[in-house]
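Summary of the model geometry
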Amino acid sequence: MSETFYGSDFGALEAFDPEIAGVLVSELDRLRGGLQLIASENMSSPAVLTSLGSTLSNKYAEGYPGRRYYGGCSEVDKAESLAIERAKALFEADHANVQPHSGASANQAVYGAFMSPGDTILAMSLPHGGHLTHGTKMSFSGKWFNAVHYGVDKDTEDIDYDEVERLAKEHRPKVILAGGSAIPRLIDFEFFRRVADEVGAIFWVDAAHFIGLVAGKAIPSPVPHADVVSFTTHKVLRGPRSGAIVCKEEHRAAIDKAVFPMMQGGPQMHTIAAKATNFKECATPEYQAYAKQVIANARVLAETLGEKGIRPTTGGTDTHLSLHDLQQVLVTGADAEARCDAAGITLNKNAIPFDPQKPNIASGIRVGTPCVTTQGMGEDEMRTIGGLIARAVVDGDADPEHAVSKEVRAEVTDLVTRFPAYAR
Ligand SMILES: *Cc1c(COP(=O)(O)O)cnc(C)c1O
């Protein structure tokens, strides 16, 4: 079958378009050559990548399995039905919609399903760990809806639950949203459910970041508590770059209509097939062990950085990511990111709660362990990596030719040689 399969053909690309073929190769070299600590990234399997480069990309399939607006959907219907059934089983959900093109598209559909322009949503503020699509003024969500934001408590640096309850009672939002991009701790879903019930709101969880840990049964699931859960499939989950939504049976029709035709046109059937494969991978004992290791690694990495004066906010992490305050070592987030980059370590600057710096400078960094754990690294390697980050951040330089950049890069090379990405 594999010899005759006409899908991804690197030789054909190389022959016709060496410039783009070169980018594919040099990007793989970049991935293999350094440490990837961006908390929202992962490395999906060759099995997942195969569907993405297949002829399923050609197919128009507006509608849902068995109810399409185009002919010729018999085969893609099988892929989408598998993806739906596997998502429902994996998350023990009443219903799944696997068509959203991304996390932001999934979120757009949730707004479309439950809110009209001018309605109020209560969500976490972006500077405290939320997301652009959670009602910021730059996004459709803040332009078309009335967003009220809660933040974190000044002392614990974790979600200010008292503020959530107070704002919910004051503003009576249509929807209450939990989740974000820089929340290192578990979220109390029971609490949000109770508050939502008290004010008659829909309870929505944006699980984009941590859904992989839920799939791997490493942390509690929001699915039993929330009306609707949106997520990305490419972060800890390790699938293709895309999105999905699971919800209670009563919201099935509203969600399906909001994804198509309200927000999207034709679904990306190659990506949906890849999501189906990813959901199958996530149901294996190997993936469950992976999810637990991601957290164990994140804890050690956060602790090691803390010992070097790079303090983890909230004192640590329960998830795959930690957020670190650099003020004690007198380095900005932007400088730390550049110094690490010069040393072969990819991570991102991040605002910390109550950050005195502008967002494009920031006082913090965010680190995550999904990629390095996929590469097979464990707690010992996290101690090493914590030490390397601290050296690059505190003593290093944005110049790759600086002695510290070179020293750290040599140790990074040693690590990624022992734990290769996409091993040959
Ligand atoms: C990543 C993320 C998104 C957006 O996902 P995209 O696929 O980049 O559109 C939405 N919400 C949260 C909380 C995220 O972390």
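Counting of residues starts from 1 at the beginning of each chain's written sequence and follows it residue by residue. Restriction of local features to residues with pLDDT of at least 70 applies here, the model being predicted, together with a cutoff of 80 or more for giving and counting side-chain atom pairs; totals for whole chains, interfaces and linings are based on all residues. Hydrogens are left out, water is left out, and the side-chain values use all remaining heavy atoms of the structure.

Under the annotation held in an unreviewed UniProt entry, the protein carries the name Serine hydroxymethyltransferase and is attributed to Knoellia flava. UniProt positions are given in the numbering used here, feature names are shortened, and annotations may be inferred rather than shown by experiment. Of the comments in the UniProt record for the protein, the one headed Catalytic activity (unreviewed entry) reads "(6R)-5,10-methylene-5,6,7,8-tetrahydrofolate + glycine + H2O = (6S)-5,6,7,8-tetrahydrofolate + L-serine".

The next point concerns the pattern of salt bridges. Salt bridge, as applied in this entry: a Lys or Arg side-chain nitrogen positioned within 4 Å of an Asp or Glu carboxyl oxygen. The tally for this structure, following the rule as stated, stands at 26 salt bridges. In this structure, arginine 252 and glutamate 249 form a salt bridge, with 3.0 Å as the shortest nitrogen-oxygen distance. Burial classes follow relative accessibility: with a 1.4 Å probe on protein chains only, a residue under 20% of its type's maximum area counts as buried, one over 50% as exposed, and anything between as partly exposed. Residue arginine 252 is classed as partly exposed on the basis of its relative accessible area of 32%. For the salt bridge of arginine 299 with aspartate 318, the shortest nitrogen-to-oxygen distance reads 3.7 Å. Within this pair, whereas arginine 299 is found in helix H12 (residues 285-307), its partner aspartate 318 is found in the loop between strand E11 (311-312) and strand E12 (321-325), the two being separated by 19 residues in sequence. Within the structure, one salt-bridge network assembled from shared partners comprises Glu165, Lys169, Arg194 and Glu198. A run of H or I in DSSP counts as a helix once it spans at least four residues, and a run of E counts as a strand once it spans at least two, with each numbered from the N terminus.

Between the rings of Phe, Tyr and Trp (Trp by its six-membered ring), a pair exists once the centres lie within 6.5 Å; its type follows the angle of the planes, with under 30 degrees stacked, over 60 edge-to-face, and the other angles tilted. Scanning the entire structure with this criterion turns up 15 aromatic pairs. Between tyrosine 111 and phenylalanine 140 the ring centres are 5.3 Å apart and the planes differ by 80 degrees, which places this aromatic pair in the edge-to-face class. With tyrosine 111 in helix H5 (residues 103-114) and phenylalanine 140 in helix H6 (residues 140-144), the pair connects residues that are 29 residues apart, well separated along the chain. The buried category is assigned to tyrosine 111, whose relative accessible area is 1%. The exposure class assigned to phenylalanine 140 is buried, which follows from its relative accessible area of 16%. Geometrically, the ring pair formed by tyrosine 287 and tyrosine 290 is tilted, given 5.4 Å between the ring centres and 50 degrees between the ring planes. Of the two residues, tyrosine 287 and tyrosine 290 are both situated in helix H12; the distance of three residues between them amounts to about one turn of the helix. Its relative accessible area of 7% is what places tyrosine 290 among the buried residues. Among the aromatic residues, those joined into a cluster by ring pairs are Tyr111, Phe140, Trp144, Phe145 and Trp204. Here the guanidinium or amino end of lysine 154 rests over the ring plane of phenylalanine 354, the centre of that ring lying 4.5 Å away. Over a ring means this: the NZ of a Lys or the CZ of an Arg is within 6 Å of the ring centre and within 35 degrees of the ring normal.

Now for the UniProt feature "site: Plays an important role in substrate specificity" (unreviewed entry) in the protein. On the UniProt side, "site: Plays an important role in substrate specificity" (unreviewed entry) is annotated at positions that read His234 here. Assignment of secondary structure puts histidine 234 in the loop between strand E9 (228-232) and strand E10 (243-247). Sequence-distant contacts of histidine 234, defined by excluding residues within four places in its chain, comprise Ser40, Glu41, Asn42, Gly239, Pro240, Arg241 and Ser242. A polar contact is formed between the side chain of histidine 234 and the side chain of arginine 241, at a distance of 3.3 Å. In what follows, residue pairs with any heavy atoms lying within 4.5 Å of each other are defined as contacts. Here a polar contact is recorded for every N or O atom pair within 3.5 Å, except that within protein the pair must consist of a potential hydrogen donor and a potential acceptor, and residues adjacent in sequence are included only if both atoms are side-chain atoms.

Attention now goes to the UniProt feature "binding site: (6S)-5,6,7,8-tetrahydrofolate" (unreviewed entry) in the protein. Taken from the UniProt record, the annotation "binding site: (6S)-5,6,7,8-tetrahydrofolate" (unreviewed entry) applies to Leu126, Gly130, His131 and Leu132. Structurally, histidine 131 is set in the loop between strand E5 (120-124) and H6. The class for histidine 131 is partly exposed, based on a relative accessible area of 25%. Apart from residues no more than four positions distant in its own chain, histidine 131 is found in contact with Leu126, Thr136 and Ser181.

Proximity is defined per residue: if any heavy atom of the residue lies within 4 Å of a molecule or strand, that residue is considered near it. The full set close to the ligand counts 13 residues, and Gly103, Ala104, Ser181, Asp206 and Lys235 are the nearest of them. In this structure, an oxygen atom belonging to the ligand sits 2.9 Å away from a main-chain N or O atom of glycine 103. Serine 181 places a polar side-chain atom, nitrogen or oxygen, 2.9 Å from an oxygen atom of the ligand. When residues in the shell around the ligand are grouped by element, the largest group, three residues, is from H5. By residue class, the composition of the shell around the ligand is two nonpolar, nine polar and two charged. Throughout, the ten residues Ala, Val, Leu, Ile, Met, Phe, Trp, Tyr, Cys and Pro are labelled nonpolar, Asp, Glu, Lys and Arg are labelled charged, and all others, Gly among them, are labelled polar.

Once that is clear, we can look at the sheet that holds E11. Judged by pairing direction, the sheet is antiparallel, and its four strands sit side by side in the order E11-E12-E15-E14 without closing on themselves. With partners counted over all chains shown, the strands left at the sheet margins are E11 and strand E14 (348-350), one partner each. Relative to strand E15 (residues 364-368), E14 is paired through three bridges, and the arrangement is antiparallel. In the strand pairing of E15, lysine 349 is matched with isoleucine 365. Lines fitted to C-alpha atoms define the axes here, with helix axes fitted over just the stretch in contact, and angles between the N-to-C directions of these axes take values from 0 to 180 degrees. Sheet strands touched by H12: E11, E12 and E15. Its angle to E12, the strand with the most contacts, is close to 10 degrees. Pairing between two strands requires that DSSP report at least two bridges joining them.

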